[in-house]
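Here is what each chain is made of, one letter per residue.
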Protein chains: 2
Amino acid sequence: MKALVFDGNLQLLHDLPLPVRAAGEALIKICMAGICQTDLEITRGYMTFHGTLGHEFVGVVVESDDPFLIGKRVVGEINCVCGSCASCISGRYRHCTRRTVLGIAGKDGAFAEYLVLPEKNLHLVPDTISNEEAVFVEPLAACYRILEQVTLQKEHTVLVLGDGRLGLLCAQVLKTAQCQVTLMGKHREKLYLLDGMGIISGLIHEATGELFDMVADCTGSPEGLPFALQVIKPQGIIVVKTTIASPRDLDLNSMVINEIQIQGSRCGPFPPAIQALEKRQIRVSPLISQIFAFKDAVAGFHAAMQKGALKILLHM
Amino acid sequence: MKALVFDGNLQLLHDLPLPVRAAGEALIKICMAGICQTDLEITRGYMTFHGTLGHEFVGVVVESDDPFLIGKRVVGEINCVCGSCASCISGRYRHCTRRTVLGIAGKDGAFAEYLVLPEKNLHLVPDTISNEEAVFVEPLAACYRILEQVTLQKEHTVLVLGDGRLGLLCAQVLKTAQCQVTLMGKHREKLYLLDGMGIISGLIHEATGELFDMVADCTGSPEGLPFALQVIKPQGIIVVKTTIASPRDLDLNSMVINEIQIQGSRCGPFPPAIQALEKRQIRVSPLISQIFAFKDAVAGFHAAMQKGALKILLHM
């Protein structure tokens, strides 16, 4: 089969064997996959992962121990867990100490014609959700993680920092909590994408000095957290969503004096993400910059690295 | 009156007028005061405060609008708040945007023969608590703040990092939550001070790799937080208690991936601190390095700056 492999270099290989299904795993034929910032960072050395990239996908189950799953269109949670380590026993499955992570750590990913994943990781995709939408379930789930970690009320003011792929999704997800959501970024043309959704938007360098109850840092930049610390209310919460390089000149004194909470946030629950797409609560189509045929995956990858690119999809 | 004043230089002045009592304030004759790390940092430029230092004290009310208070021995909360700003209205009084802070910001402090504080800031000291113990109420209250911010259960493992004044108090306060508390520091002779209190102790450089549900950083060092990030469990909480210089090489990726919460923590509630001293739950006497007569306050200050010094008290 074909797969986009990173082994120090990024290349589309054509003659790889199909991945081998272990007990409890399903073999899935990929329909479509999305390129994420993490994929780009892996090619810059992040996580020291070598193998088939990709973890945002929708596909069809072709082999499974569970006959019900055969032929079903699915998306899949990316953490493959042991179920028996201290983290798993305490219910923190996504933090399994022995986990592999699809296309990120120890497990070949979704930029391929086929992948294998544990059946328990799979979620059915309703017919009303297109493939183009379904590839957003995984990053959307990561946004819903914030609503598991932070209790937002109507009167809370929330700032999403960063108008990239994750920021645009995050602002929409947080808006479902009925609170006041502001999205700040550096690109007026991206901020426009959420017009008419009840989300306030503005350019970071035009910030007015308003303070917020919660800030979600989706900048992917070392400048994100220092800015968040400037615009957070005392006792406020900063959720850090993206893995970032070490910030410099980070004034942690203000974090202590103002009793700020900084909360790391990673993967999240799939069901609310699927439901939100089904109910048309989240607008994902405007976030698609381009769809590449899989044979042009390397070109797609380079397109995703361009300044201003939003979501690049690969069509298998 | 005499007062220990910092105006770029630190000096004991002898002929200052008594502080003037505003409406709602009490005039207090200081009996004893404690030197805190924050006092030392102010003389190194922290908070750019100029004036009479000191915020840990016990004294006797000599003038007040409330006749009940006259002659009573009191300790006092250090944040003087407006009651009408957004923070105050939302109940976050200690984060009043117009606050002055005793001996730290905008208000002359406790290293003096007299101070003034709002009557609502005062707490009566029971007769069973000595002056030497009562000066620990303010830093102890700051430790109790952690129990307001974090819900600790019996099965939780907690690490207090730093065997200085604050770490030694913090370990004892967290132990009152019945969880497993470990204190790690760099000085075997300080760790011994809590022997027999059911607190596990060890040297930081001999750490075994055990992971903890919560870590309280009381190191006052930029090395504290990076170490805390190494020994915290996934989804664990790091409480940062001390104002510290900017940490370098802080790997915030691990905070995101492991979904760690970093919580700033400052001043806390006085009543549980007073009760704990009354019930002899907290051992403070071993933390007193030396008591200086107030005329020797400058020498006391320099003693507090010595490596290995614990609490230095000033006796007025």
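Bear in mind that the values here come from a model prediction, so they are computed numbers and not experimental data.

Enquirer: Can you walk me through the packing of helix α4 (residues 137-149) of chain A against helix α9 (residues 270-278) of chain A in this structure?
Expert: Two packed helices can be described by the angle between their axes and the distance between those axes. Residues and elements named next belong to chain A. Contact geometry for α4 and α9: axes closest at 8 Å, N-to-C directions at 115°. Considered as vectors, α4 and α9 are oriented roughly perpendicular to each other. For the pair α4 and α9, the crossing hand works out as right-handed. Contacts between α4 and α9 involve Val137, Glu138, Leu140, Ala141 and Tyr144 on the former and, on the latter, Phe270, Pro272, Ala273, Ile274, Ala276 and Leu277.

Enquirer: Would you take a moment to explain the sheet that holds strand β2 (residues 10-13) of chain A for this structure?
Expert: Residue and element names in this part refer to chain A. Pairing is antiparallel across the open sheet formed by three strands, whose spatial order is β2-β1-β4. The open sheet has two edge strands with one neighbour each: β2 and β4 (51-52). With two bridges joining them, strand β1 (residues 3-6) and β4 adopt antiparallel strand pairing. Within β4, the residue paired with Phe6 across the bridge is Gly51.

Enquirer: Explain the relation of the copies chain B and chain A to me, please; I cannot follow it from the model alone.
Expert: Both copies of the chain are related by one operation, a rotation about an axis with a shift along it. With an RMSD of 0.0 Å, the operation that places chain B on chain A is a rotation of 180° combined with a shift of 0.0 Å along the axis. Both copies of the chain, as the preceding transformation shows, are related through a two-fold rotation axis. Relative to the rotation axis, the C-alpha of Ile262 of chain B is the closest in chain B, positioned 2.5 Å from it.

Enquirer: Help me understand the sheet that holds strand β15 (residues 212-217) of chain B in this model?
Expert: Note on sheets: strands pair through backbone hydrogen bonds, and any given pair is parallel or antiparallel. With respect to topology, twelve strands assemble into an open sheet ordered β14(A)-β13(A)-β12(A)-β15(A)-β16(A)-β17(A)-β17(B)-β16(B)-β15(B)-β12(B)-β13(B)-β14(B), the strand pairing being mixed. Both edges of this open sheet fall to β14 (200-203) of chain A together with β14 (200-203) of chain B, since each of them pairs with a single strand only. Pairs of neighbouring strands in the sheet enclose a mean axial angle of 20°, with direction left out of account. Examined bridge by bridge, strand β15 (residues 212-217) of chain A and strand β16 (residues 232-240) of chain A share five bridges and lie parallel to one another. Paired with Met214 of chain A across the two strands is Ile237 of chain A, which belongs to β16 of chain A.

Enquirer: Could you clarify how one ought to interpret the packing of aromatic side chains in this entry?
Expert: In this description, an aromatic ring pair is defined by two values, namely the gap between the centres and the angle between the planes. Counted under the stated rule, the structure contains zero aromatic pairs over all chains. Across the ring face of Phe68 of chain A, the terminal group of Lys72 of chain A is positioned such that the distance to the ring centre comes to 4.2 Å.

Enquirer: Help me understand the pairing of strand β10 (residues 114-118) of chain A in this model?
Expert: Walk down a regular strand and you will see the side chains alternate between the two sheet faces. Of all five residues in β10 of chain A, five are buried; the element is thus mostly enclosed. What you see with β10 of chain A is no split at all: Tyr114, Val116 and Pro118 of chain A on one side and Leu115 and Leu117 of chain A on the other are buried throughout.

Enquirer: Help me understand helix α7 (residues 224-231) of chain B in this model?
Expert: The α-helix winds at 3.6 residues per turn, so residues separated by three or four positions along the chain end up facing the same way. Burial of α7 of chain B is extensive: six of the eight residues sit out of reach of the surface. Among the residues of α7 of chain B, Gly224, Leu225, Phe227, Ala228, Leu229 and Val231 of chain B are the ones counted as buried.

Enquirer: Even after reading the chapter, I still don't get the interface of chain B and chain A, so can you show me in this structure?
Expert: Accessible area lost on assembly of the parts is the figure often given for the size of an interface. With 37 residues of chain B at the interface, the matching set in chain A holds 37 residues. Summing the contributions of chain B and of chain A, the shared interface buries around 3100 Å²; its carbon and sulfur component is 53%. Our count for the chain B to chain A interface comes out at two salt bridges. Across the pair Arg145 of chain B and Glu259 of chain A runs a salt bridge whose closest N-O atoms are separated by 2.8 Å. Elements supplying a minimum of two residues to the side of chain B that touches chain A: α4 (137-149), β16 (232-240), α8 (252-257) and β17 (261-264) of chain B. When residues of the side of chain B that touches chain A are assigned to their parent elements, the largest contribution, five residues, is made by α8 of chain B. A per-class count over the side of chain B that touches chain A returns 15 nonpolar, 13 polar and nine charged. One ladder, built from three bridges, connects strand β17 (residues 261-264) of chain A with β17 of chain B; its direction is antiparallel. When the bridges of β17 of chain B are listed, Gln263 of chain A appears paired with Gln261 of chain B.

Enquirer: Sorry if this is basic, but what is going on with the domain arrangement of chain A here?
Expert: All names here are of chain A. Here the domain parsing of chain A yields domain 1 (3-136 + 284-315) and domain 2 (143-264). Relative placement of domain 1 and domain 2: their C-alpha centres are 27 Å apart. Across the contact, 16 residues belong to domain 1 and eleven residues belong to domain 2. Of the roughly 1100 Å² buried where domain 1 meets domain 2, counting both sides, 54% is carbon and sulfur surface. On the domain 1 side of the interface with domain 2, the three residues burying the most area are Arg94, Leu287 and Leu310, jointly 42% of the side's total. Taken together, domain 1 and domain 2 are joined by one salt bridge. When the shortest N-O distance is used, the salt bridge between Glu148 and Arg94 registers 3.8 Å.

Enquirer: How do you make sense of the pattern of salt bridges when you look at a structure like this?
Expert: Any two side chains of opposite charge can pair, given that their charged atoms come close. In the structure shown here, the tally under the stated rule is 24 salt bridges over all chains. In this structure, Glu25 of chain B engages Lys107 of chain B in a salt bridge whose closest nitrogen and oxygen atoms are separated by 2.8 Å. With Glu25 of chain B in strand β3 (residues 25-35) and Lys107 of chain B in strand β9 (residues 106-107), the pair connects residues that are 82 residues apart, well separated along the chain. Taken individually, Glu25 of chain B and Lys107 of chain B each receive the classification buried, so the pair is uniform in this respect. The salt bridge involving Lys295 of chain B is made with Asp296 of chain B; its shortest N-O contact spans 3.2 Å. Its relative accessible area of 59% is what places Lys295 of chain B among the exposed residues. Through salt bridges with shared partners, one network takes in Arg94, Arg145 and Glu148 of chain A together with Glu259 of chain B.

Enquirer: How do you make sense of helix α5 (residues 165-175) of chain B when you look at a structure like this?
Expert: Burial analysis of α5 of chain B places ten of its eleven residues in the buried class, which makes it a mostly covered element. All buried positions along α5 of chain B are accounted for by Arg165, Leu166, Gly167, Leu168, Leu169, Cys170, Ala171, Gln172, Val173 and Leu174 of chain B.

Enquirer: Please explain the confidence of the model for chain A as it appears in this structure.
Expert: Where the model shows low pLDDT, its predicted coordinates should not be examined in detail. Residues with a pLDDT of 70 or more make up 98% of chain A, whose mean pLDDT is 94. Scored as a complex, the prediction yields pTM 0.94 and ipTM 0.93.

Enquirer: Explain the pairing of strand β1 (residues 3-6) of chain B here, please?
Expert: Residues and elements named next belong to chain B. Because side chains alternate across β1, one face comprises the buried residues Ala3 and Val5, and the other comprises Leu4 and Phe6, equally buried. Pairing of β1 with strand β2 (residues 10-13) involves four bridges; the strand directions are antiparallel. Its bridge partner lying in β2, Val5 is registered against Gln11. Joining the antiparallel neighbours β1 and β2 is a turn of three residues, in which Gly8 adopts a positive phi near 110°.

Enquirer: Hey, could you run me through the side chain of Gln261 of chain A in this one?
Expert: Inspection of the secondary structure puts Gln261 of chain A in strand β17. Among the residues examined, Gln261 of chain A registers a relative accessible area of 13% and is labelled buried. Those residues in contact with Gln261 of chain A, other than ones at most four positions away along the chain, are Gly236, Ile237 and Ile238 of chain A together with Gln261, Ile262 and Gln263 of chain B.

Enquirer: Can you walk me through the environment of Val181 of chain A in this structure?
Expert: All names here are of chain A. Within the secondary structure, Val181 sits in strand β13 (residues 180-185). Among the residues examined, Val181 registers a relative accessible area of 0% and is labelled buried. Once the C-alpha coordinates of Val181 and Val158 are considered, the two residues, 23 residues apart in sequence, prove to be 4.8 Å apart. With residues up to four places along the chain from it excluded, the contact list for Val181 reads Val158, Val160, Ala171, Leu174, Lys175, Ile199 and Ile200.

Rules behind the numbers
Residues numbered from 1 in each chain as written. Chains lettered and ligands numbered in written order. Predicted model: local features only at pLDDT ≥ 70, side-chain atom pairs only at ≥ 80, totals over all residues. Heavy atoms only, no water. Axes fitted to C-alpha atoms, helices over the stretch in contact; angles between N-to-C directions. Helix = DSSP H or I, 4+ residues; strand = E, 2+ residues; numbered from the N terminus. Parallel < 35°, antiparallel > 145°, perpendicular 65-115°, else oblique. Left-handed = near helix turned anticlockwise from the far one by under 90°. Contact = heavy atoms within 4.5 Å. Pairing = 2+ DSSP bridges. Least-squares fit on C-alpha atoms with pLDDT ≥ 70 in both. Phe/Tyr/Trp six-rings, centres within 6.5 Å; stacked < 30°, edge-to-face > 60°. Lys NZ or Arg CZ within 6 Å of the ring centre and 35° of its normal. Buried < 20%, exposed > 50% of the residue type's maximum accessible area, 1.4 Å probe, protein only. Buried area = accessible area lost by both parts, 1.4 Å probe. Salt bridge = Lys/Arg side-chain N within 4 Å of Asp/Glu carboxyl O. Nonpolar A, V, L, I, M, F, W, Y, C, P; charged D, E, K, R; others polar. Domains from an automatic or database assignment. pLDDT = per-residue confidence, 0-100.

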